[in-house]
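Chain residues, written in single-letter form:
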Amino acid sequence: MRQLFKNGAALLLAIGSVTVAQERATFSVGTAVASRGQKVTGVIEVPPGIDTALSIPVAVVHGAKPGPVLALVAGAHGTEYASIIALEKLIGLLSPEEIAGTVIIVPLVNTPSFEGMVPHLNPIDRKNMNRMYPGRMDGTQTDRASYLITKEVVDRCDHLIDLHGGDLDENLRPYSYWTKTGNDPQDRISRGMALAFGLDHIIISIDRPTDPDASRYLENTATTRGKPSITVEAGYAGTVKPEDVSALVNGCLSVMRYLKMLPGPVTMIEHPVWIGRILTVLSEQTGIFYPLVRRGTFVEQGMKIGYVTDYVGKTIFDARAPAAGVVLYICSVPSMRNGGTIASVGVVAGSEAFK
Ligand SMILES: [Zn+2]
């Protein structure tokens, strides 16, 4: 009986996957319609509303075999170049014949930012394209784009990786974010994704919104919808360093192996530096910023990490580390305004400063 039951379960499973395979004879995102075993590119058309229309490029790699749907998204911040170039490379690298499952790649959400070299924001409506999720169709371009990405990408995937890199003004040390939701099965998979991705500093996010209707961030939109997902950052100050691009490309491939979408063994980071808390150091003056530490430096509480002068050389503000920790990024340009970000210091989980 036991054996029969087991066979029955196997049969049911087999039927289940056949059904899924049949359901997904084609997989479409925006204008990209891929048959099984095909790689197709297209666009997600954001129609005009109270401002102009936007076409967001997308690629769909519909694997020869059924499996999970992984969404890879970059360029919400269009000048975080290493992450954008990494996904452009990945579109070329992935072969549908080798893949079990489907990969949705959105390499550049914020084309106006990329084309205009405008950091942080969408220049059309001056909104941050990673703060307006899940979006709405009666808002400005960023709201409408966020709504359509939620519907076309987040709702269609099982897992999502949101890729970022230090922006033009951020000298950033690579790291990933792991969101701890309290739902153990989901957290176990997303933790595995972060460890498989391979960046050795991992920020534990516990303060993200829990309401799916007010999710703000892209990864959080997937996470609050029950999809194990992570955010990763590599690249800094507008550079496209081969080591950053390959860390991101290899990280995505490694997560695909972890999710059994690609064959082969997975190498997981065994002893990452877990960051429990992030402290932002803001400038209290407008002027010229001079950094005194580099990204990745471990600093003590109170240590001077940079200073601001007026435009004729007089020091008007000393920036100090608010706690002991690692400098995740520090401002990479001299332009500094009152209230601007000087640095982000990650407090190591379990360290004295964390308690
Ligand atoms: Zn970003």
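In this text, all values refer to a predicted model and were calculated from it rather than measured experimentally. (Residues numbered from 1 in each chain as written. Predicted model: local features only at pLDDT ≥ 70, side-chain atom pairs only at ≥ 80, totals over all residues. Heavy atoms only, no water.)

Some words on the layout of surface pockets
Thought 1: Within this model, the largest pocket holds a volume of roughly 1100 Å³.
Thought 2: Every residue lining the largest pocket is counted, 36 residues in all, and those nearest its centre are Arg131, Glu170, Tyr177, Thr280 and Tyr329.
Thought 3: Of the residues forming the lining of the largest pocket, the biggest block, 4 residues, is contributed by strand S12 (residues 273–282).
Thought 4: Residues that form the lining of the largest pocket fall into these classes: 11 nonpolar, 14 polar and 11 charged. (1 Å grid on protein atoms, 1.4 Å probe; cavity = no way out; pocket = protein on both sides within 12 Å on 5 of 7 lines; lining within 4 Å. Points joined across faces, edges and corners; volume = space filled by probe spheres on them. Helix = DSSP H or I, 4+ residues; strand = E, 2+ residues; numbered from the N terminus. Nonpolar A, V, L, I, M, F, W, Y, C, P; charged D, E, K, R; others polar.)

A closer look at the coordination of the zinc ion
Thought 1: All of the protein donors around the zinc ion are His77 (ND1), Glu80 (OE), Glu80 (OE) and His164 (ND1); their distances to the metal are 2.0 to 2.3 Å.
Thought 2: Classification of the site at the zinc ion rests on its 4 donor atoms, whose angles at the metal span 58 to 151°, yielding the label irregular.
Thought 3: Positions of the donor residues of the zinc ion, expressed as sequence spacing, correspond to H-x2-E-x83-H. One end of the pair, Glu80, is in the loop between strand S5 (65–74) and helix H2 (81–93); the other, His164, is in strand S7 (residues 159–164), with 84 residues separating them in the sequence. (Donors = N, O, S within 2.8 Å, 3.2 Å for Na, K, Ca; no water. Tetrahedral: all angles 85-135°; square planar, octahedral: opposite > 155°, others 65-115°.)

Looking at the sheet that holds strand S15 (residues 304–309)
Thought 1: Ordered in space as S16-S15-S13-S18, the 4 strands form an open sheet in which the pairing is antiparallel. Bordering the open sheet on either side are strand S16 (315–320) and strand S18 (335–336), each of which pairs with just one other strand.
Thought 2: Both strand S13 (residues 287–291) and S18 contribute to a ladder of 2 bridges, which runs antiparallel. What sits directly across from Ile288, in S18, is Ser335. (Pairing = 2+ DSSP bridges.)

Side note on the environment of Gly235
Thought 1: Relative to the helices and strands, Gly235 resides in the loop between strand S11 (229–233) and helix H7 (242–258).
Thought 2: Taking the C-alpha atoms as reference, Gly235 lies 13 Å from Gly296; in sequence the two are 61 residues apart.
Thought 3: Gly235 has contacts with Ala82, Gly165, Gly166, Leu172 and Asp244, leaving out every residue within four places of it along the chain. (Contact = heavy atoms within 4.5 Å.)

Remarks on the environment of Ala323
Thought 1: Mapped onto the elements, Ala323 comes out in the loop between S16 and strand S17 (325–331).
Thought 2: Owing to a relative accessible area of 7%, Ala323 belongs among the buried residues under this scheme.
Thought 3: Taking the C-alpha atoms as reference points, Ala323 and Leu279, separated by 44 residues in sequence, lie 7.9 Å from one another. (Buried < 20%, exposed > 50% of the residue type's maximum accessible area, 1.4 Å probe, protein only.)

As for the packing of H2 against H7
Thought 1: The contact between H2 and H7 brings their axes to 9 Å, and the two run at 50°. Viewed along their axes, H2 and H7 adopt a mutual orientation that is oblique. Judged by the sense of rotation from one axis to the other, the crossing of H2 with H7 is right-handed. From H2, Ala82, Ser83, Ile85, Ala86, Leu87, Lys89, Leu90 and Leu93 reach across to H7, where they touch Asp244, Val245, Leu248, Val249, Cys252 and Leu253.
Thought 2: When the residues that make up the contact of H2 with H7 are grouped by side-chain class, the tally is 11 nonpolar, 1 polar and 2 charged. (Axes fitted to C-alpha atoms, helices over the stretch in contact; angles between N-to-C directions. Parallel < 35°, antiparallel > 145°, perpendicular 65-115°, else oblique. Left-handed = near helix turned anticlockwise from the far one by under 90°.)

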